[in-house]
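This is what each chain is made of:
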Amino acid sequence: MTLTIEAPAKINLHLQVGKLRSDGYHDLLSLMHLVDLSDRVSLRTEGKRGTVELEGDFDCLKKDNLLYKAASAYLRERQKRIPNAPPAPGLTISCLKRIPAGGGLGGGSSDAAALLKLLERFFGAFPERGGLDEIALSLGSDVPFFLHTGAEIAQGRGEVLEPVEPLPAYPLVLVFPSWRISTPDAYAAIDRFRLEKADHPRFLSPGQLREAYRRPVAQWPFFNDFTSPVLLQFPESRDLLLRLQDQEALYSQMSGSGSTFFGLFGEEKTALWAFERLKSMGYRCHLGKMLARPYDPVYNGR
Ligand code: C5P
């Protein structure tokens with residue numbers, strides 16, 4: 001038996017970072033939206049009972065891989081919630097990567113959430129609700145988002161989610177610079193930037209965010225608090241942002257803690273034009289669209 005699912009990337013249309021909390025996380029107010037660039041995660045029943053295998057090339061130890069962690073956490077939770085459940089068969093997981101790692105697009109988190117969906121489809125839902133969300137949050141702050149709808153306002157450390165109407169399928173260009181920054185380093189850079197520059201964070205309330213989201217895209221007052229510290233650290237990105245703005249994007253911004261930048265366009269031909277121009281300047285890009293809903297798992301093979 002093989003189960004497969006597309007695991008889409010997200011962009012942050014707005015990302016406001018609050019104070020550092022005593023648990024080491026920052027409070028957020030973010031508007032996350034799925035986009036059509038996706039990885040493909042597959043789950044096969046194969047191998048020795050109770051074992052979890054990863055197929056493919058991974059750049060870390062198996063025990064540190066988020067897919068492996070997700071499967072192990074799921075099986076532990078299943079054991080706890082359904083003590084008399086029949087033993088799990090051997091599971092083999094594979095992942096076709098298309099979303100650049102460390103690009104602020106939530107690729108690894110989306111893969112983990114996608115695998116949780118496959119496991120739930122295979123084993124059946126837990127008797128009580130909420131189990132998957134708890135496992136998802138134990139894997140990372142933005143994993144729960146990928147279990148939900150296509151567009152959500154996120155608060156807390158990213159796990160307090162409220163669905164909002166997804167956007168129509170606006171044409172989109174994603175641009176992938178070659179630099180990378182780790183998530184903890186990016187948060188530390190914000191704290192440092194605010195201290196050094198005596199920079200007072202801009203602020204939207206959740207109500208203002210909801211109201212602003214209903215305005216035409218070109219009138220959004222949204223921002224990303226990671227952008228200024230990142231532009232300071234990687235000045236070449238300032239050029240990229242200016243170039244995206246030059247291409248008649250309705251809205252352009254960096255996603256998450258970087259390094260991906262995105263532009264939303266009013267028409268496919270303007271997006272295609274921007275995509276071609278940016279590619280000819282040497283940037284690696286994706287031409288696609290906003291995605292309203294996550295994908296469903298599909299059975300294939302035996
Ligand atoms: O939850 P996740 O594993 O993605 O977080 C990685 C790191 O990013 C955390 O250890 C923390 O340093 C930082 N982080 C944060 N505030 C958040 C989310 C993440 O400071 N809301």
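The coordinates are above.
Residues numbered from 1 in each chain as written. Predicted model: local features only at pLDDT ≥ 70, side-chain atom pairs only at ≥ 80, totals over all residues. Heavy atoms only, no water.

Draft legend 1. Just the overall build of the chain, in detail. Of the regular secondary structure elements, the chain holds eight helices and eleven strands. Computed over its C-alpha atoms, the radius of gyration of the chain comes to 20 Å, within 12% of the 19 Å expected for a compact globule of 302 residues. Across the 302 residues that make up the chain, the buried fraction comes to 52%. Sequence separation of 24 or more characterises 76% of the internal contacts of the chain that already satisfy a separation of 6 or more. Total accessible area on the chain is roughly 14,500 Å²; 52% of this is exposed by carbon and sulfur atoms. One way to put it: in the chain the 37 positive side-chain charges average out to a point 3 Å from where the 36 negative ones average out. (Helix = DSSP H or I, 4+ residues; strand = E, 2+ residues; numbered from the N terminus. Rg over C-alpha atoms; globule rule 2.2 N^0.38 Å. Buried < 20%, exposed > 50% of the residue type's maximum accessible area, 1.4 Å probe, protein only. Contact = heavy atoms within 4.5 Å. Areas by Shrake-Rupley, 256 points an atom, 1.4 Å probe, with all protein chains shown as cover. Lys, Arg positive; Asp, Glu negative; His and termini not counted. Charge placed at Lys NZ, Arg CZ, Asp CG, Glu CD.)

Draft legend 2. Representation of the site of the ligand. Around the ligand, the neighbouring residues are Gly-24, Tyr-25, His-26, Leu-28, Gly-140, Ser-141, Arg-157, Thr-183, Pro-184 and Tyr-187. A distance of 2.6 Å separates an oxygen atom of the ligand from a polar atom in the side chain of His-26. Within the backbone of Arg-157, one N or O atom sits 3.1 Å away from a nitrogen atom of the ligand. In isolation the ligand has 450 Å² of accessible area, and contact with the protein removes 74% of it. At the level of secondary structure, the elements contributing two or more residues to the shell around the ligand comprise strand E2 (26–45) and helix H4 (183–196). The greatest single-element share of the shell around the ligand, amounting to three residues, is contributed by H4. (Near = heavy atom within 4 Å. Polar contact = N/O pair within 3.5 Å; in protein donor to acceptor, adjacent residues only side chain to side chain.)

Draft legend 3. Fine view of the sheet that holds strand E9 (residues 261–264). Spatially, E8-E9-E7-E10 is the arrangement adopted by the four strands of the open sheet, whose pairing is antiparallel. Each edge of the open sheet carries a strand with a single partner, namely strand E8 (251–254) and strand E10 (284–289). Across the sheet, the mean angle separating the axes of adjacent strands is 15° when strand polarity is ignored. (Pairing = 2+ DSSP bridges. Axes fitted to C-alpha atoms, helices over the stretch in contact; angles between N-to-C directions.)

Draft legend 4. Structural detail: the nonpolar core. Core analysis: the largest hydrophobic core is formed by 39 residues, its most contacted members being Val-41, Tyr-74, Ile-93, Leu-115, Leu-116 and Ile-135. Among the elements of the structure, strand E1 (2–20), E2, strand E3 (52–55), helix H1 (66–81), strand E4 (91–96), helix H2 (107–123) and helix H3 (131–139) are those that each provide at least two residues to this core. Beyond its immediate sequence surroundings of up to four residues, Leu-115 is in contact with Val-41, Leu-43, Leu-67, Ala-70, Ala-71 and Ile-93. One finds Leu-105, Tyr-213, Phe-223 and Met-290 within the second-largest nonpolar core, a separate group that totals 28 residues. (Core = buried A, V, L, I, M, F, W, Y, C linked by side-chain atoms within 4.5 Å.)

Draft legend 5. Quick look at the packing of H2 against H3. Packing of H2 against H3 brings their axes to within 10 Å, and their N-to-C directions diverge by 150°. Relative to H3, H2 is oriented roughly antiparallel. Here the hand of the crossing between H2 and H3 comes out right-handed. Within the contact between the two elements, H2 uses Ala-112, Leu-116 and Glu-120 and H3 uses Leu-132, Ile-135, Ala-136 and Leu-139. For the contact of H2 with H3, the class distribution of residues is six nonpolar, no polar and one charged. (Parallel < 35°, antiparallel > 145°, perpendicular 65-115°, else oblique. Left-handed = near helix turned anticlockwise from the far one by under 90°. Nonpolar A, V, L, I, M, F, W, Y, C, P; charged D, E, K, R; others polar.)

Draft legend 6. Quick look at the pairing of E8. Here E8 shows no split at all, with Tyr-251 and Gln-253 on one side and Ser-252 and Met-254 on the other all buried. Across four bridges, the pairing between E8 and E9 is antiparallel. Residue Tyr-251 lies in a different strand from E9, and its bridge partner there is Leu-264. Between E8 and E9, which pair antiparallel and follow one another directly, the connecting turn spans six residues, one of which, Gly-256, has a positive phi of 50°.

Draft legend 7. Seen up close, the packing of H1 against H3. At a minimum axis distance of 10 Å, the contact between H1 and H3 shows a crossing angle of 140°. In terms of crossing hand, the pair formed by H1 and H3 is right-handed. Note on element contacts: H3 touches H1 through Gly-131, Leu-132, Glu-134, Ile-135 and Leu-139, opposite Leu-66, Lys-69, Ala-70, Ala-73, Tyr-74, Glu-77 and Arg-81. Residue classes in the contact of H1 with H3 are distributed as seven nonpolar, one polar and four charged.

Draft legend 8. Molecular detail of H4. Between its first and last C-alpha atoms H4 spans 20 Å; for 14 residues at 1.5 Å apiece the expected length is 20 Å, and the two agree. Among the residues of H4, those classed as buried are Ala-186, Tyr-187, Ala-189, Ile-190, Phe-193 and Arg-194. Buried positions in H4, seen along its axis, are confined to an arc of 155° and lie on one side of it. When the buried face of H4 is taken as reference, the exposed residues oriented beyond 90 degrees from it are Pro-184, Leu-195 and Glu-196. Close packing links the buried residues of H4 with E1, E2 and helix H6 (227–233). Two residues or fewer after H4 comes Ala-198, characterised by a positive phi angle close to 45°. (Expected span 1.5 Å × (residues − 1). Arc of directions from axis to C-beta.)

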